[in-house]
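Architecture at a glance
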Amino acid sequence: MHEMALAESVRGIVENAVRDRPGCKVKTVVLEIGTLASVEVDALRFCLEVVLRDSVADGANVEVENVPGQGWCIECAGNVPISSLFDACPDCGGYQVRPTSGTEMRVKELEVE
Amino acid sequence: MCTVCGCGGGGAKIGTAARRPKARPVSGKTVAWRPVGEHEHEHVHLDGTRHSHPHEHPHDHDHAPDEHEHVHLHADGTRHGHAHSHPHDHTHGEAHAGVEHVSEGAGHMHFGTGPAHAHVPGMSQSQMLKIEQDILGKNGALAAINRREFAARGIFALNLVSSPGSGKTSLLVRTIRELADRVAVTVIEGDQQTEFDAERIRETGVPALQINTGKGCHLDADMVARGLRKLAPADDSLLLIENVGNLVCPAAFDLGEAHKVAILSVTEGEDKPLKYPDMFAAADLMLLNKIDLLPYLDFDTERAIDYARRVNPALVVIRVSARTGEGFDEWLAWIDAGLQRARRDRSAPQAR
């Protein structure tokens, strides 16, 4: 349950991004969260609601864009879709799959006015 | 298809009232919409009826030069923005967000006579700032500083992670006793409360710093950096960081260590690597501890290792008992190899 720490990081990034825009208001925070990232999106939303209070992004709409999981199957020597870190390769059924995409947790963009 | 919400065109999609990311003006880039010309519209009237018809509407408009701001992120992490403008000509078929297009008739409001054929509330005053920053970027940057310091000083740092009660501290105590006469060791102990673990380590004669995270569930790179200033580990030494007993959160926080070492004891379930996959994915080595208890348990060692390698095919596994010392030759040899690597890299940093 480190979503609170993540939410605080998001607030830091948001405040830093608009530091040179006095009086601006952040209306939307767009996050990019991979399927394989160790984040519970609902918990993160809840924490953000609390953490963003009284900040430039107080009441901001939080949009979460999902990044599908993808892994490199050593057996098949190709990228395959996976939905968890322990998924078997959908083609060969083997577990020699290393995640290549879907572990990201990023603040993508902000809508400000 | 409507280029703002995706409706219309080859099959109307109603219900996507929210903005889609692709409709946002991207600073510094001209977004090409589809050309204006003859096309089909879907209208929703105030009385709820909906119909569509093809029509054409050539139109004129003026707009200010495309003035906007760029935010630059430099490699050193500093960021600055500056405004500039691109005066430009264009024929229709290009985008110009920032100009509202609303046409009105009796009992009929049409939001969407602009080139994108849609009205986006608030779009005229607000703007999108591209951020593209890792949420854990700050921790990552601090961890990189720790890692550089370890590399410059030949320190081999390990981040030991596990559930509470897997025997981390006992394992550390034995490891330190076996290494103490030939390797300088320092220890950072992370726990929510108490100084107990650091005291156990100090009994072995090596310096140990206790970090209490209070309500926190993991150590972060900043705590370790501050701990390092207090501990001042020697060059070419071994730094053991015992994280808070928690199989979830510490996985996400890089401390600057060379390796995360996950400890799984055979008194836990063999399915833990699947229940808590993030930690086993983040680790490079798994120590299967308390193997002296195997005769009294139903623990299936092979299955546990198989599960762990499903999550992380490259995971190295060593079976140990901190009580009997079984498997310690292999574990200490693994540490020695790491210490040698750290020393070699310090003396020849250009080789890295």
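Residues numbered from 1 in each chain as written. Chains lettered and ligands numbered in written order. Predicted model: local features only at pLDDT ≥ 70, side-chain atom pairs only at ≥ 80, totals over all residues. Heavy atoms only, no water.

1. A short note on the UniProt feature "binding site: Zn(2+)" (unreviewed entry) in chain A
All names here are of chain A. The test is simple: UniProt positions are given in the numbering used here, feature names are shortened, and annotations may be inferred rather than shown by experiment. Here a helix means four or more residues in a row that DSSP labels H or I, a strand means two or more in a row labelled E, and each is numbered from the N terminus. Only protein chains enter the accessibility calculation, which uses a 1.4 Å probe; a residue is then buried when its area is under 20% of its type maximum, exposed when over 50%, and partly exposed in between.
Within this structure's numbering, the places UniProt gives as "binding site: Zn(2+)" (unreviewed entry) are Cys73, Cys76, Cys89 and Cys92. The greatest C-alpha distance among the annotated residues, which extend across 20 residues, is 8.7 Å, indicating that they converge on a single site. With respect to the helices and strands, Cys76 occurs in the loop between β3 (70-73) and β4 (78-81). Given a relative accessible area of 33%, Cys76 falls into the partly exposed group.

2. Details of the confidence of the model for chain B
All names here are of chain B. What counts here: A residue's pLDDT is simply how confident the predictor is in it, with values from 0 to 100. We call two residues contacting when some pair of their heavy atoms lies within 4.5 Å.
Per-chain confidence: chain B averages 75 in pLDDT, with 63% of residues scoring 70 or above. Contacts for the low-pLDDT stretch residues 53-75, under 50 throughout, to residues beyond four places or in other chains number 61 contacts. Note on residues 77-123: pLDDT is under 50 here. Beyond four places in sequence and across chains, it has 107 contacts. Both scores are available for the predicted complex, with the pTM at 0.70 and the ipTM at 0.87.

3. Examining the sheet that holds β4 of chain A
Residue and element names in this part refer to chain A. Convention followed: Paired strands, as defined in this entry, are two strands with at least two bridges between them according to DSSP. Convention adopted: a line fitted to C-alpha atoms gives each axis, helices being fitted over their contacting stretch, and angles between N-to-C directions are expressed from 0 to 180 degrees.
With antiparallel pairing, 3 strands are arranged side by side in an open sheet as β4-β3-β5. In this open sheet, the two edge strands, each paired with only one partner strand, are β4 and β5 (97-101). With strand direction ignored, the average angle separating the axes of adjacent strands in the sheet is 40 degrees.

4. Things to note about the sheet that holds strand β11 (residues 238-242) of chain B
Residue and element names in this part refer to chain B. Strand order in the open sheet made by the 7 strands is β10-β9-β11-β8-β12-β13-β14, with parallel pairing throughout. Of all the strands in the sheet, just β10 (208-212) and β14 (316-319) have a single pairing partner and so form its edges. With strand direction ignored, the average angle separating the axes of adjacent strands in the sheet is 20 degrees. Relative to β11, strand β9 (residues 185-191) runs parallel, the two being bridged by 5 bridges. Across the sheet, Val185 pairs through a bridge with Leu238, a residue of β11. In the packing of helix α7 (residues 301-311) onto the sheet, the strands contacted are β12 (259-265), β13 (285-289) and β14, and the crossing angle to β14 comes to about 155 degrees.

5. Examining the UniProt feature "binding site: Ni(2+)" (unreviewed entry) in chain A
Per the UniProt record, "binding site: Ni(2+)" (unreviewed entry) is found at His2 of chain A. In this structure, His2 of chain A sits in the segment before α1 (3-17).

6. Considering the nonpolar core
Convention followed: Each nonpolar core is a collection of buried residues, namely Ala, Val, Leu, Ile, Met, Phe, Trp, Tyr and Cys, held together in the definition by side-chain atoms within 4.5 Å.
Residues Val29, Leu31, Val107 and Leu110 of chain A are the most contacted members of the largest nonpolar core, which totals 32 residues. Secondary-structure elements contributing two or more residues to this core are α1, β1 (26-34), α2 (41-51) and β6 (105-112) of chain A together with β7 (127-134) of chain B. Ranked by the residues each element gives to this core, the list is headed by α1 of chain A, at 6 residues. Of all hydrophobic cores here, the second largest spans 31 residues; its members include Phe156, Val183, Ile263 and Trp334 of chain B.

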